[in-house]
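# Per-entry structural report
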Amino acid sequence: MNIAAMTFRLHAPWVHSLKEKRMIVKSLIAQLQNRFHVSAAEIDEQDTHQIIVIGIAAVVPHNAMADSLMDEISVFVEENTEAEILDELREIR
């Protein structure tokens, strides 16, 4: 059993309030949880309007499945948000 962990750092230049940011974050997290059955949360930069940092974790049976899941999540995030992906970190524990 392994844990696949990812962190996305996104930049949304059109966001001008924390309320606006919260709507984007909640929507993306809900979509990730519903589609991939992973744990997801905003993990940093909560008080910065235009930077979104989301952490994602999932329990997987082996490394190959972890790699496949992380690839799918990466494509999903890129296709389902207008925010620019500044950084993506992956880890299998």
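What comes next concerns the included structure.

Given a rise of 1.5 Å per residue, 18 residues ought to cover 26 Å, and the 26 Å separating the end C-alpha atoms of helix H2 (residues 63–80) matches this to within 8%. Of the residues making up H2, those classed as buried are Ala 66, Leu 69, Met 70, Ile 73, Ser 74, Phe 76 and Val 77. Buried residues of H2 fall within an arc of 165° about the axis and therefore sit on the same side. Of the residues in H2, the exposed ones pointing more than 90 degrees away from the buried face are Ala 64, Glu 78 and Glu 79. Against the buried residues of H2 lie strand E1 (2–11), helix H1 (18–36), strand E3 (51–60) and strand E4 (84–92).

What follows is about the pairing of E1. Here E1 runs beside E3; their pairing, made up of ten bridges, is antiparallel. Considered in E3, the bridge of Phe 8 is made with Ile 54. Strand direction decides the pairing type here: E1 and E4, joined by eight bridges, are antiparallel. By the bridge assignment for E4, Met 6 is matched with Arg 90.

To continue, consider the packing of H1 against H2. Where H1 meets H2, the axes come as close as 11 Å, and the angle between the chain directions of the two elements is 140°. Seen along the crossing, H1 lies across H2 with a hand that is right-handed. The residues of H2 that touch H1, namely those facing Gln 31, Leu 32, Arg 35 and Phe 36, are Leu 69, Glu 72, Ile 73, Phe 76, Val 77 and Asn 80. Class assignment for the residues of the contact of H1 with H2 results in six nonpolar, two polar and two charged.

Calculation rules
Residues numbered from 1 in each chain as written. Predicted model: local features only at pLDDT ≥ 70, side-chain atom pairs only at ≥ 80, totals over all residues. Heavy atoms only, no water. Helix = DSSP H or I, 4+ residues; strand = E, 2+ residues; numbered from the N terminus. Expected span 1.5 Å × (residues − 1). Buried < 20%, exposed > 50% of the residue type's maximum accessible area, 1.4 Å probe, protein only. Arc of directions from axis to C-beta. Contact = heavy atoms within 4.5 Å. Pairing = 2+ DSSP bridges. Axes fitted to C-alpha atoms, helices over the stretch in contact; angles between N-to-C directions. Left-handed = near helix turned anticlockwise from the far one by under 90°. Nonpolar A, V, L, I, M, F, W, Y, C, P; charged D, E, K, R; others polar.

These figures capture arrangement, not role.
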